[in-house]
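These are the residues of each chain, in order.
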Amino acid sequence: MWYLIEGFDRPDSLHVRLAARPAHLDRLRALLDEGRLLLAGPCPAIDAEDPGPAGFSGSLIVAEFESLAAARAWAEADPYVAAGVYERVDVRPFRKALP
């Protein structure tokens, strides 16, 4: 089943996010290589493709896991969580309707 993972950045965490980004992307690439990643990306903190020093307000990932518990465990092990980028992470089931 698909699960939506939404991480919410702590204020002023851009420098920590940038340092943890390579490890975060490696985990996403692993899901992609396994055919389990539907989409992933950051949410700019301002209305701009490249927010510059304004940074990001969080991230969204939609990926396939065997259970909600497995999705939560994967999310809890994210390098952004370990580094303290996220102040909160929500994980919930997702049903793709379109396209």
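Note: the structure precedes this text.
Residues numbered from 1 in each chain as written. Predicted model: local features only at pLDDT ≥ 70, side-chain atom pairs only at ≥ 80, totals over all residues. Heavy atoms only, no water.

Q: Honestly, the overall build of the protein chain in this entry has me stumped. Any pointers?
A: Each helix and strand in the protein chain was counted, giving three helices and four strands. Taken from the N to the C terminus, the helices and strands of the protein chain come in the order β-α-β-β-α-α-β. Scaling as 2.2 N^0.38, a compact globule of 99 residues should have a C-alpha radius of gyration of about 13 Å, and the protein chain matches this with 13 Å. Across its three principal directions, the C-alpha atoms of the protein chain cover 35 × 30 × 25 Å. Across the 99 residues of the protein chain, 30% fall into the buried class. Pairs at least 24 residues apart make up 75% of the contacts formed inside the protein chain by residues separated by at least 6 positions. With an accessible surface of roughly 6000 Å², the protein chain has 55% of that area assigned to carbon and sulfur atoms. Taking the average location of the 11 positive side-chain charges in the protein chain and that of its 15 negative ones, the two points are 4 Å from each other. (Helix = DSSP H or I, 4+ residues; strand = E, 2+ residues; numbered from the N terminus. Rg over C-alpha atoms; globule rule 2.2 N^0.38 Å. Buried < 20%, exposed > 50% of the residue type's maximum accessible area, 1.4 Å probe, protein only. Contact = heavy atoms within 4.5 Å. Areas by Shrake-Rupley, 256 points an atom, 1.4 Å probe, with all protein chains shown as cover. Lys, Arg positive; Asp, Glu negative; His and termini not counted. Charge placed at Lys NZ, Arg CZ, Asp CG, Glu CD.)

Q: Explain the sheet that holds strand 2 (residues 37–44) to me, please; I cannot follow it from the model alone.
A: Sheet strands pair via backbone hydrogen bonds, and the direction of the pair is either parallel or antiparallel. In spatial order, the strands read 2-3-1-4; together these four strands make up an open sheet with antiparallel pairing. Two strands bound the open sheet, and with one partner strand each, they are strand 2 and strand 4 (86–94). Across the sheet, the axes of successive neighbouring strands diverge by a mean angle of 10 degrees, strand direction being ignored. The pairing of strand 1 (residues 2–9) with strand 3 (residues 56–64) spans seven bridges and is classified as antiparallel. (Pairing = 2+ DSSP bridges. Axes fitted to C-alpha atoms, helices over the stretch in contact; angles between N-to-C directions.)

Q: Got a minute to help me understand unusual backbone geometry in this structure?
A: In most cases, non-glycine residues show a negative phi, while peptide bonds are predominantly trans. A cis amide bond links leucine 98 to the next residue, proline 99, at an omega of -15 degrees. Structurally, proline 99 is set in the segment after strand 4. Although it is not a glycine, aspartate 12 adopts a positive phi angle of roughly 55 degrees. Tracing the sequence through the fold places aspartate 12 in the loop between strand 1 and helix 1 (14–33).

Q: How should I be thinking about helix 2 (residues 68–76) in this particular structure?
A: One full turn of an α-helix is made of 3.6 residues, so residues set three or four places apart face in the same direction. Burial in helix 2 covers these residues: Ala71, Trp74 and Ala75. Viewed end-on, helix 2 has its buried residues packed into an arc of 100 degrees, placing them on one side of the element. Away from its buried face, by an angle of more than 90 degrees, helix 2 presents the exposed residues Ala69 and Glu76. Check the buried side of helix 2 and you find it contacts strand 1, helix 1, strand 3, helix 3 (79–83) and strand 4. (Arc of directions from axis to C-beta.)

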